[in-house]
Every structure is written in structure tokens, then in C-alpha cells.
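Working through the structure, step by step
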Amino acid sequence: MKVCILGLGYIGIPTAATIANSGINVIGVDPNTKIVDAINAGKLPIEEPGLAELLKSVCDRGLLKASAEVEPADVFIIAVPTPMNEEKKPVLDYVKAATSSVASVLKKGDIVVLESTSPPRTTADLMRPILESGGLTAGTDFYLAHSPERVIPGRMVEELISNDRVIGGINAVSAEKTAEFYKKFVQGEIHTTDATTAEMCKLLENSFRGVNIAIANEIAILSEKVGVNAWEVINLANKHPRVNILQPGPGVGGHCIAIDPWFVVSADEQSAPLIKAAMLLNESMPYRQFKRIKEILGGFAIGGGNSDRKKIAFLGAAFKPNTDDFRHSPVIEIIELLSDISGAEIAVFDPHIDSEAAIKGLVDSPEDAFKDADLVCLAVHHDEFYKLDYHRLFGLCRNKRLFDMRNALPNLQAEITGLDYYLLGR
Ligand code: SAJ
């Protein structure tokens, strides 16, 4: 058996390595030759625990190779990006291009699976005609399905095997054939359904999470007005056996929870007012933190002289803890607001992000961030940030102020003399 995976990103690479590790020959395809060369050299272009070792092992065993060109195979998995445009509409150009590549080498008996998170009816209405353009019929000559992934960055290698999978076929035999393939490397339960139900299932998983985070953020906004601690309110509410409210934060980043629910809204805006309102609320959080920072620092001298310029340090810029991924990071949005409007000096320290990354003010050490700072913002609760020597570091600041956006360091207010401690949600 040979498997061809189109799209070597945060999902394509772990999926290719996991399938190859089950003894199947895999070819990974990506137009980005830098990624192709890195994979063929057994080098991982992304950060993910355990994946570098797995990738090297399957490359050394000759089970995985990468190419810029699609090749004939028995199973094709499309795991290309499905971003959103400025109007919050899905962009399916990469799915169309990958599907056309597959159509050029498709033969009888092949299985084609879309893994990319896509609007409802993408598999049945967009992909099927492209794949049938060579004269083969989907569902009989070849099999077509959608199988969304649910892995969480940081646990991808483990979850790709252990998570249950939903597999939706354009007909029953497509679902069955695709399920048989996934059973070769998935230990979780396989749930079969139709392709559009599988698409909706994925979108609603992330919409549910987005709405849950939105209510946590709304509780934070309310708590700041009412004068209670949102983290305590939520913690106590969650003692109820049937309540599970997630955590507030400076915004929702990444390319999943920040985007997928908009695919539901774009399917029929009138039918999704709650999801739309939740997404807009989450998107308001970065600006709210920018305003809070301005309040804490008593406003900013717009373009003022050196004595007025404030230095603001950020601990973390990634979109979530313990990852190097800063795509759609709300912290980046806050930094851009500060840089554009306030003329503040910004320093950002994030141990997970490569020092060459295009982030304004990125510094190599916590000392460089804390030195002469007027305010330190704990923006991402990376594990490393629970172990810093804050007594020494705050001694480097011009003013000892901490804005804790993640309720990560509440104990510091009692431990560090003269520290002004501010908390998102209080
Ligand atoms: N966030 C909060 N509060 C929370 C949890 C998260 O503000 O309580 C923020 C995070 O800081 C981050 C964003 O939301 O900015 C997204 O975080 P996440 O923990 O949801 O991480 P993702 O987007 O990498 O993973 C989600 C997961 N979906 C669900 O849990 C339903 C994952 O299982 C999916 O595979 C992934 O989306 C995806 O690729 O769809």
C-alpha cells in the first residue's frame, strides 16, 4: 500500500509520520521545497513533542519521503490549509489545487480523504466533481470521504493514535473503505457517517469550544465591572457536577477556534447568531487588554520624549502555552496596537519562538525584557514562566508592575515587595 499526503503542515507532518510508522509507505507532498528538503533530511520544521524522533525514524527506515509533486498512490489524504479571508469567508483554493493534483493521478480503487477543516458540503460539492473529471465515478470507481482531525498541538503524536475518529463518506462504501484504512493506525474508536455530517461535526466541536471560551471572557469582563475575581467565580461554578466553564484570556488565537466557527456562520449567518456573537466577543479581548494596559500606565505620551516613553515587556507571544505557533496570536494583536498607537517600547520574550521570527521587539532573554520595564504582561502561560526568578527580574524594572492575563502568577503579589499586580478578569 502507498499513501500520499498533500500538505506538510501542523497536521500533515505528524499524520505522515504516524502512518509511515505503522509500516506503510508514505509520500508527503508540499509545494514548499524548504519543507520537502527538511523532511527528507529527517529534520522537523515545526515544534511538537516526540515528533522529531518519529520523523527521523521513519525517514531512516525509508518509509517516508517528501516531494513537491503528487504521485500515484492507493490512499490520498488532503491536509492543506483552509484559512479565512478578511470577510471571514473560507478560502478553499488550496483544497481545490490539491484535489486537482489528486485527480491527475487517480485510478480505480483509490481512496481520497479530506482532513482539512472545511465548510459543510466541501467534500460532496467541491471535491467530487473535480475528482470525477477524469471519467471515474466517486463512490464506486474510487472512494471519497472526510475525516477531520482533533489532535491538540503538544499531544499530536499520542492523540493521532488514541483519539476517536469520525469518518464521513459520500456513500456508505466510501466510509467503510476509509474506516478500514484508518484502523491500520488509529486505536481510538472509528465512527462512520456521511461526509457533510463529518464536516459539520468538526466545525461544531470547535464552535462549542469557542462559545465556552466566550462565556468565560464575558464573565471576566463582567467581573472587572462588578469587582470580583472571574477566576474564582469560574473555579467555584465548576465545582457544580454539570458545569465546565473554560478559562478567560487575552483573546482566542490559532487557526482553529479563531476560524472554524466562522465557517459555520458563513454557511448561513441568520442561523448562527450565538456562534457569531461569541466569535466577536473573543475577538474584542485583545483591544480590551490594550485599553487596560493604557489605564495601568496612565495613558501614553503619544510620540513623547524618552522620559515619557513607556517600556512594556511581554512574557509569551505564541497563541497558546508550550507551542512555537504564533499564527493569529492575540498577543501579537495587542503588541501591534501598542506599537501603532502608543509609541511604547515593546520587548517580547518567548522561549518557544525562534529568535529570527518576525515579531516586533523579540528579545533573547527575560533580563532583556524586564530591564527598565514599566509594565510586564504575562500573556501566555508557558511552563517556563512558572520557574523564572521573579525577585531578581522585577529588580531590573523601572516600575514593578505585572499584568497577569492568565492568572498564572497570583502568588507574586504577596511575594514581591512593591509589586503592583493587575489581573485580567478582576
Ligand atoms: N483558550 C482560552 N481559554 C481556554 C482555552 C483556550 O482563551 O480555556 C485560547 C487559547 O489561549 C488559544 C485558543 O483559545 O489562543 C485555542 O486554544 P485551544 O486550546 O483550543 O487549542 P487549539 O486551537 O490548538 O485546539 C483546538 C482543539 N479543539 C477542541 O478542543 C474542541 C483541538 O482538539 C482541535 O484539534 C484543534 O482545535 C483543531 O485543529 O481544530
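I will try to describe carefully the structure that is included in this document. Computed from a predicted model, the values in this text were never measured in an experiment.

Once that is clear, we can look at the sheet that holds strand S10 (residues 345-349). Strand order in the open sheet made by the five strands is S10-S9-S11-S12-S13, with parallel pairing throughout. In this open sheet, the two strands that pair with only one neighbour each are S10 and strand S13 (420-423). Going from strand to strand, the sheet's axes swing by 20° on average, the running direction of each strand aside. Relative to S13, strand S12 (residues 401-404) runs parallel, the two sharing four bridges. Within the sheet, the bridge partner assigned to aspartate 404 lies in S13 and is leucine 423. Contacts from helix H11 (residues 273-296) reach strand S9 (311-315), strand S11 (375-378), S12 and S13 within the one sheet, and its direction differs from that of S12 by about 160°.

The next thing to look at is the packing of helix H8 (residues 195-226) against helix H10 (residues 260-267). The contact between H8 and H10 brings their axes to 7 Å, and the two run at 115°. The handedness of the crossing between H8 and H10 comes out as left-handed. For the pair H8 and H10, contact is made by Lys202, Leu203, Leu204, Asn206 and Ser207 and by Asp260, Pro261, Phe263 and Val264, respectively. Across the contact of H8 with H10, the residue classes tally to five nonpolar, two polar and two charged.

In a regular helix each residue adds 1.5 Å, so 24 residues correspond to 34 Å; H11 covers 34 Å between its end C-alpha atoms and thus fits that length. At methionine 285, H11 is deflected by roughly 30°, the largest bend along its length, and proline proline 286 occurs up to four residues later in sequence. Of all the positions in H11, only Ile275, Ala278, Met279, Leu281, Asn282, Met285, Pro286, Gln289, Phe290, Arg292, Ile293 and Ile296 are classed as buried. Looking one or two residues beyond H11, the residue adopting positive phi is glycine 298, at roughly 65°.

Glancing now at the nonpolar core. Core analysis: the largest hydrophobic core is formed by 56 residues, its most contacted members being Ile293, Ile312, Phe314 and Phe394. With six residues, helix H12 (residues 330-342) is the single largest residue contributor to this core.

Residue position: serine 174 is located in helix H7 (residues 172-182). On the basis of relative accessible area, serine 174 is assigned to the buried category, the value being 0%. Setting aside anything within four residues of it in sequence, one finds serine 174 in contact with Gly139, Tyr143, Leu144, Ala145 and Gly169.

This part takes up the site of the ligand. Around the ligand, the structure places 21 residues, and the nearest of them are Arg150, Val151, Lys202, Arg209 and Phe319. Asparagine 206 is positioned such that a nitrogen or oxygen atom in its side chain is 2.7 Å from an oxygen atom of the ligand. Contacts to the ligand include arginine 406, whose side-chain N or O atom sits 3.2 Å from an oxygen atom. Compared with its free state, where it exposes 770 Å², the ligand has 88% of that area covered by protein. Looking at the shell around the ligand element by element, the count peaks at five residues for H8. By residue class, the composition of the shell around the ligand is nine nonpolar, four polar and eight charged.

Moving on to the side chain of threonine 99. As for its position among the elements, threonine 99 is in helix H4 (residues 93-103). Among residues more than four places away in sequence, those in contact with threonine 99 are Ile78, Met127, Ile130 and Leu131.

A few words on the pattern of salt bridges. On inspection of all chains with the given rule, the structure shows 19 salt bridges. Here lysine 65 makes a salt bridge to glutamate 71, at a shortest N to O gap of 3.2 Å. Under the relative-accessibility criterion, glutamate 71 is labelled partly exposed at 21%. Arginine 398 is paired through a salt bridge with aspartate 374; the nearest N and O atoms lie 2.7 Å apart. A residue pair is termed long-range when its members are at least 10 positions apart, and arginine 398 in the loop between helix H14 (390-394) and S12 and aspartate 374 in the loop between helix H13 (366-370) and S11 qualify at 24 residues. The class of arginine 398 is partly exposed, set by a relative accessible area of 46%. Its relative accessible area of 5% is what places aspartate 374 among the buried residues.

Time to look at the packing of aromatic side chains. Counted under the stated rule, the structure contains eight aromatic pairs. Seen in terms of ring centroids, tyrosine 182 and phenylalanine 185 are 5.4 Å apart; in terms of plane orientation they differ by 40°. Their pairing is tilted. Considering the side-chain rings of phenylalanine 349 and phenylalanine 385, the 6.1 Å spacing of their centres and the 50° angle between planes classify their relative orientation as tilted. On the criterion of sequence distance, the pair formed by phenylalanine 349 in strand S10 and phenylalanine 385 in the loop between S11 and H14 is long-range, its members being 36 residues apart. Of the residues examined, phenylalanine 385 reaches a relative accessible area of 1% and is grouped as buried. These aromatic residues form a ring-pair network of at least three members: Phe181, Tyr182 and Phe185.

Glancing now at the sheet that holds strand S1 (residues 2-6). Pairing in this open sheet of eight strands is mixed, and the strands run S3-S2-S1-S4-S5-S6-S7-S8 from one edge to the other. At either end of the open sheet lies a strand with only one pairing partner, and these are strand S3 (64-67) and strand S8 (190-194). Sheet twist, expressed as the mean angle between neighbouring strand axes with direction ignored, is 25°. Here strand S6 (residues 143-146) runs beside strand S7 (residues 165-169); their pairing, made up of two bridges, is antiparallel. Bridge pairing links alanine 145 to glycine 169 in S7. Along the sheet face, H4 touches S1, strand S4 (75-78) and strand S5 (111-114) and points at about 170° away from the line of S4. Its contacts with the sheet put helix H5 (residues 122-131) on S4, S5 and S6, and the angle it makes with S6 is roughly 150°.

What counts as what
Residues numbered from 1 in each chain as written. Predicted model: local features only at pLDDT ≥ 70, side-chain atom pairs only at ≥ 80, totals over all residues. Heavy atoms only, no water. Pairing = 2+ DSSP bridges. Helix = DSSP H or I, 4+ residues; strand = E, 2+ residues; numbered from the N terminus. Axes fitted to C-alpha atoms, helices over the stretch in contact; angles between N-to-C directions. Contact = heavy atoms within 4.5 Å. Left-handed = near helix turned anticlockwise from the far one by under 90°. Nonpolar A, V, L, I, M, F, W, Y, C, P; charged D, E, K, R; others polar. Expected span 1.5 Å × (residues − 1). Bend = angle between axes of the 7 residues up to and from the residue. Buried < 20%, exposed > 50% of the residue type's maximum accessible area, 1.4 Å probe, protein only. Core = buried A, V, L, I, M, F, W, Y, C linked by side-chain atoms within 4.5 Å. Near = heavy atom within 4 Å. Polar contact = N/O pair within 3.5 Å; in protein donor to acceptor, adjacent residues only side chain to side chain. Areas by Shrake-Rupley, 256 points an atom, 1.4 Å probe, with all protein chains shown as cover. Salt bridge = Lys/Arg side-chain N within 4 Å of Asp/Glu carboxyl O. Phe/Tyr/Trp six-rings, centres within 6.5 Å; stacked < 30°, edge-to-face > 60°.

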